[in-house]
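Results of the structural survey
Single-letter residue listing:
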Amino acid sequence: MGRKAMYFTFQEKMEAARRHKALYARSERPRTISEDLHDLQASSLFQCSTFSLPDSHLFHQSLAGSNLIDESDLSQWDKAPPYDLPTPPDSLEEDRFMQNLVDVMHGHHLRAERELRTRRTAMYNMGQISEVLEEI
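Our focus in this paragraph is the packing of helix α3 (residues 57–64) against helix α4 (residues 92–125). One can describe the packing of α3 onto α4 by two numbers: an axis separation of 7 Å at closest approach and a directional angle of 25°. With respect to their mutual orientation, α3 and α4 come out roughly parallel. Handedness of the crossing formed by α3 with α4: right-handed. In contact with Leu58, Phe59, Ser62, Leu63 and Ala64 of α3, α4 contributes Asn100, Asp103, Val104, His106, Gly107, His108, Leu110, Arg111 and Arg114. Classifying every residue of the contact of α3 with α4 gives 6 nonpolar, 5 polar and 3 charged.

Right, dumping it as structure tokens:
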């Protein structure tokens with residue numbers, strides 16, 4: 001009641017294992033959930049990268065660092081979601097407020113990113129390469 005040998009030499013067994021792995025790799029089974037999520041995230045990221053930035057007056061003022069915009073309460077929006085706020089009522093005024101907030105935050109974040117890039121460039125030019133690499 002034993003099994004019969006499928007391969008007579010170790011070389012035959014290894015060759016069969018290589019063929020099996022190659023067939024399995026070409027099949028649909030080896031794809032894991034994480035690979036599927038990675039593909040989905042990559043395509044979503046690519047789609048998001050093609051969005052244009054707002055062209056509103058608020059966006060440009062926020063990007064320029066204008067003193068006309070009060071950015072004192074924007075720090076709560078700098079952290080990652082979810083935000084600790086109740087869901088707002090659906091109204092035309094609320095929609096306009098949210099669009100204005102999105103425009104201001106895009107300008108705020110783009111300005112901060114440009115300032116960070118300028119600071120890192122200055123540090124790099126002064127020879128502080130290891131500090132720049134630590135930040136990145």
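This part covers the environment of Leu74. Examined against the element boundaries, Leu74 turns out to sit in the loop between α3 and α4. Considering only alpha carbons, one finds Leu74 and Val104, 30 residues apart in sequence, at a separation of 9.1 Å. When sequence neighbours within four positions are dropped, the list of residues in contact with Leu74 reads Leu101, Val104, Met105 and His108.

The rules behind each value
Along every chain, residues carry numbers that run from 1 in the direction the sequence is written. Local features are withheld for residues below a pLDDT of 70 in this predicted model, meaning they are given only at 70 or higher, and side-chain atom pairs are given and counted only at 80 or more; totals for whole chains, interfaces and linings count all residues. Heavy atoms throughout the structure, all of them, feed into the side-chain values; hydrogens and water do not. All axes are obtained by fitting lines to C-alpha atoms, using only the stretch in contact for helices, and the reported angles, taken between N-to-C directions, cover 0 to 180 degrees. Every helix listed is a DSSP run of H or I at least four residues long, and every strand listed is a run of E at least two residues long, numbered separately from the N terminus. Any angle that is under 35 degrees is reported as roughly parallel, and any over 145 degrees as roughly antiparallel; angles of 65 to 115 degrees are reported as roughly perpendicular and all others as oblique. Should the near helix be turned anticlockwise from the far one by less than a right angle, the crossing is termed left-handed; should it be turned clockwise, right-handed. Two residues qualify as a contact provided that any one of their heavy atoms is within 4.5 Å of a heavy atom in the partner residue. We call Asp, Glu, Lys and Arg charged. Ala, Val, Leu, Ile, Met, Phe, Trp, Tyr, Cys and Pro are nonpolar, and the rest, Gly among them, are polar.

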